Amino acid sequence: MTLLAAALAVLLVVLAVVQYRWVGQVSDGEREQLRASLQRRGREFAMELNRELARAFATFQTTPISEEQDVAARLAAAWLEWTRDARYPRIIRDVYFVEPADGGGPPERLSRFNRGTGLLEATEWPAALEHLRPRFAREAEDVQRQGGSSFTIVRRHAPLAEEIPALVIPAIRFRSREEAAPPGTIRPALAYTIALLDVDYLRGDVLPALSEHHFNPAGTTPEFLVTVVQARMPSKVVFQSTASTVDPERVDLRQPLLEIRADDMGRVLLEQTRHAGPREKSRTTQLRFAVAVQQGEAAGGPPSATSAWQLLVTHRAGSVDAAIRAARTRNLTISFGILLLFGTSIALLVVSTERARRLADRQMEFVAAVSHELRTPLAVIRSAGENLADGVVADPSQVERYGRLIEEQGRSLSDMVEQVLAFAGAENGQRIAARQPVNIGELLADVIEATERITGGSLTLERSIDHELPPIEGNRDALRRVFQNLVDNAVKYSGDSSWIGVGASASGGELRVTITDRGMGIEASELRRIFEPFYRGRGASAAQIHGSGLGLSLVERIVQAHGGTVSVKSAPGHGSTFTVVLPAPPASSVNETSVAQTFRA
Ligand code: ADP
């Protein structure tokens, strides 16, 4: 059993180690997975918005502007196409067109496209667009200086004015047949379409929808805190999915947002070219422009690659690491909890098996002890009987002695059988039935008298029993057994001292009986165990004092059944004192019949 328990304990430890490592590996895997998924979702989030921008950029190009073509008509067609194809058409709030004044010079003349009439209406520069003017002047100068090489303008051009934010779309012209250069080549722009973005709409509708779609599906507890800040000034928050702010320095994901990317542009143009039809020529130009943007990006520096905003995502737990750590702690707690439960069950099993084994051992010892106890009186009775039958004993005085011997041994046998039966009854949990008022003083006097009769005066029995003892509500036979057992033990274990004291007194609603001897005493280590059934003290066994180990356990059970306690004090070699305390209700609370009887010892 101990070997098995040890093996199980080792197994538990091994399991715990394996479990610990395994939970660690699972956590590492989860962390990687969560990070990868976060990156993917961030990319998709940004792509969805960026592609819309690319679509707007491609759609609102007024290219080609030939002298004959009306820009307003081109913009009207673009607007139609935009509202038809875009997922969030309202992200474009207003469309403007800027071109050089009639006398030439930099693009200065601004007109606003009126969606209702489909016409361009001349307008003053609104404050929001004001700072585009120096930029246009600079770009016009560049074009003049470089003599109209086809892609120069777009190389340096920033398609997104992120501070507004607005799309700034250059208008590229084809050279007409009449112009000097070969017909059909591209002439750089001196005109632009400006598509103003609706930040309120982006903030109030588009970003919440994207955040919900990519990070926190509706109906679930939000797992991530999604924040959008201005790229140049991260302290300026454009949008956040919850009230709690995110520290821009410590985020799980950082993704540029609101930018015109060449790859998105390419994809959008490809889509549009698929159903191009009659406007194919214009598409080709757009495509070329896209290539130009790509070249611009490849060139490394131009601001075409910068984003207006930045998407910041953090796990609700503080960070992905913190979330994984928390999950790991939880998993470890659960699995170690299970192991602990398992271990405790094993320990309990071992303990109870051990107890059952000890009980079985003691029962075997008990059977042996009882048989041994029975053997002596039986042998005496048998040989006395034989002698009588054979007529060996003829003398009447001898016959009388034999008769007394047989009677005594017979009583001893009956006592033993009674004890065993009483123990079996108590063991089966039978209650001490038939209660009546018992006079303890009288009971003790009976016990002392019986003991004196058996010991035949070889023993000093000193009594100090109060005269006025209240009656105890209880079972007389059972209580008699208690005191008889205690006095018998005192006799058995009194050794050479031959002195026994019996005391009884009542106070404070309690009746206290003490039985004292000056005999061998009990080792301190055994004091707790002597009340266990079948337990026999080492001294008792060594001195070959007969007994079954049942007496004190019976005493304790009976006393407890009466609501009392039994305790022992002992000094090895000097004797022991057993004290029984029984509840003795004041006379008035005992029922009428018992009130009448206040016995005298
Ligand atoms: P038994 O006396 O038959 O062995 P008990 O249950 O009455 O069984 O007592 C249990 C043990 O307690 C005894 O074996 C003995 O070692 C110890 N014991 C009981 N009473 C005394 C006593 N008065 N003095 C010394 N030892 C005692």
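In case you missed it, the structure is sitting above this.
Read on for a plain summary of the structure. Computed from a predicted model, the values in this text were never measured in an experiment.

Our next topic: the sheet that holds strand S14 (residues 499–507). Read from one edge to the other, the open sheet built from 5 strands follows the order S12-S14-S15-S17-S16, with strand pairing classed as mixed. On the outer flanks of this sheet lie strand S12 (460–465) and strand S16 (565–571), each paired with one strand and no other. Within the sheet, the average angular offset between the axes of one strand and its neighbour, ignoring direction, is 10°. Of the strands in this sheet, S12, S14, strand S15 (510–517) and strand S17 (575–583) are in contact with helix H10 (residues 440–455), which crosses S12 at around 175°.

Residues in a regular strand project their side chains so that they alternate between the two faces of the sheet. Note: S12 against S14, 6 bridges, orientation parallel. When the bridges of S14 are listed, Ile 465 appears paired with Ala 504. As judged from the 8 bridges shared by S14 and S15, these two strands associate in the antiparallel manner. Note on S15: the bridge partner recorded for Ala 504 is Val 513.

A word on the sheet that holds strand S9 (residues 253–257). Strand order across the open sheet formed by 4 strands is S8-S7-S10-S9, with antiparallel pairing between neighbours. The two strands at the open ends of the sheet, each matched to only one other strand, are strand S8 (237–240) and S9. Going across the sheet, the axis of each strand differs from the next one's by a mean of 20°, ignoring polarity. Strand direction decides the pairing type here: strand S7 (residues 224–230) and strand S10 (residues 309–315), joined by 7 bridges, are antiparallel. Of the residues in S10, the one forming a bridge with Phe 224 is His 315. Of the strands in this sheet, S7, S9 and S10 touch helix H1 (residues 2–59), which is tilted by about 15° from S9.

Around the ligand, the structure places 19 residues, and the nearest of them are Asn 489, Tyr 493, Arg 536, Ser 548 and Leu 552. Measuring from a nitrogen atom of the ligand, one finds a side-chain N or O atom of Ser 576 at 3.5 Å. Considered on its own, the ligand offers 530 Å² of accessible surface; in the complex 97% of this is hidden by protein. At the level of elements, helix H11 (476–492), helix H13 (551–561) and S17 are the ones that each hand at least two residues to the shell around the ligand. Residues of the shell around the ligand, tallied by class, amount to 8 nonpolar, 8 polar and 3 charged.

About the criteria used
Residues numbered from 1 in each chain as written. Predicted model: local features only at pLDDT ≥ 70, side-chain atom pairs only at ≥ 80, totals over all residues. Heavy atoms only, no water. Pairing = 2+ DSSP bridges. Helix = DSSP H or I, 4+ residues; strand = E, 2+ residues; numbered from the N terminus. Axes fitted to C-alpha atoms, helices over the stretch in contact; angles between N-to-C directions. Contact = heavy atoms within 4.5 Å. Near = heavy atom within 4 Å. Polar contact = N/O pair within 3.5 Å; in protein donor to acceptor, adjacent residues only side chain to side chain. Areas by Shrake-Rupley, 256 points an atom, 1.4 Å probe, with all protein chains shown as cover. Nonpolar A, V, L, I, M, F, W, Y, C, P; charged D, E, K, R; others polar.

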